[in-house]
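# Tertiary structure, described
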Amino acid sequence: MECNQTIISGEVVRLGILRYTPAGVSAIDCVVRHHSNQKEANVLRQVQCELPVVAFGESAAILADLKVGDSIKITGFLNRKSQHNQQLVLHAGHIIQI
């Protein structure tokens, strides 16, 4: 399977500090709170969640310029947090402020 693309919008509720990997690539973590109404089985349902996000390179620089409370739209892919931690994290490939 090759398809792994996620698009979500929400509010930045936590924002880490810009850091650098040992290879010199910029990185930053944040948490995004999403809420929307979605139709499921012909019933409107309220959706609320908080999603951990990590960004590298250019996306990290964009995220570092934002502040808690800003609304953003993120396109990226899901992966586990680490080899030993199965928590899902959204790896941001594209971020825009909305």
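Values in this document were obtained by computation on a predicted structure and should not be read as measured data.

### Observations regarding the overall build of the protein
Regarding its fold elements, the protein presents one helix and six strands. Structurally, the protein occupies a C-alpha span of about 50 × 35 × 20 Å along its principal axes. Buried residues in the protein amount to 31% of all 98 residues. In the protein, once contacts between residues fewer than 6 apart in sequence are set aside, the share between residues at least 24 apart is 53%. Taken together, the 9 basic and 8 acidic charged side chains of the protein have centroids lying 6 Å from each other.

### What to know about the side chain of Ser26
Within the secondary structure, Ser26 sits in strand E3 (residues 26–40). A residue is classified by how much of its surface remains accessible, and Ser26, at 13% relative accessible area, is buried. Setting aside residues no more than four positions away along its own chain, Ser26 makes contact with Leu18, Arg19, Tyr20, Ala55, Phe56, Gly57 and Ala60.

### Some remarks on the nonpolar core
Among the nonpolar cores identified, the biggest contains 16 residues, and Val53, Ala55, Leu63, Ile72, Ile74 and Ile95 are the most heavily contacted of them. The set of elements that each furnish at least two residues to this core consists of strand E1 (6–15), E3, strand E4 (43–56), helix H1 (58–64), strand E5 (71–82) and strand E6 (85–97). The contact partners of Ala55, leaving out residues within four places of it in the chain, are Ser26, Ala27, Ile28, Ala60, Leu63, Ala92 and Ile95.

### Examining the pattern of salt bridges
On inspection of all chains with the given rule, the structure shows five salt bridges. The partner of Glu50 in a salt bridge is Arg33, with the nearest N and O atoms 2.9 Å apart. Taken together, the residues span a long stretch of sequence, with Glu50 in strand E4 and Arg33 in strand E3 at a distance of 17 residues. Under the relative-accessibility criterion, Glu50 is labelled partly exposed at 39%. Assessed through its relative accessible area of 37%, Arg33 is described here as partly exposed. Three or more residues joined by partner-sharing salt bridges are found here, namely Arg14, Arg33 and Glu50.

Reading the values: rules and limits
Residues numbered from 1 in each chain as written. Predicted model: local features only at pLDDT ≥ 70, side-chain atom pairs only at ≥ 80, totals over all residues. Heavy atoms only, no water. Helix = DSSP H or I, 4+ residues; strand = E, 2+ residues; numbered from the N terminus. Buried < 20%, exposed > 50% of the residue type's maximum accessible area, 1.4 Å probe, protein only. Contact = heavy atoms within 4.5 Å. Lys, Arg positive; Asp, Glu negative; His and termini not counted. Charge placed at Lys NZ, Arg CZ, Asp CG, Glu CD. Core = buried A, V, L, I, M, F, W, Y, C linked by side-chain atoms within 4.5 Å. Salt bridge = Lys/Arg side-chain N within 4 Å of Asp/Glu carboxyl O.

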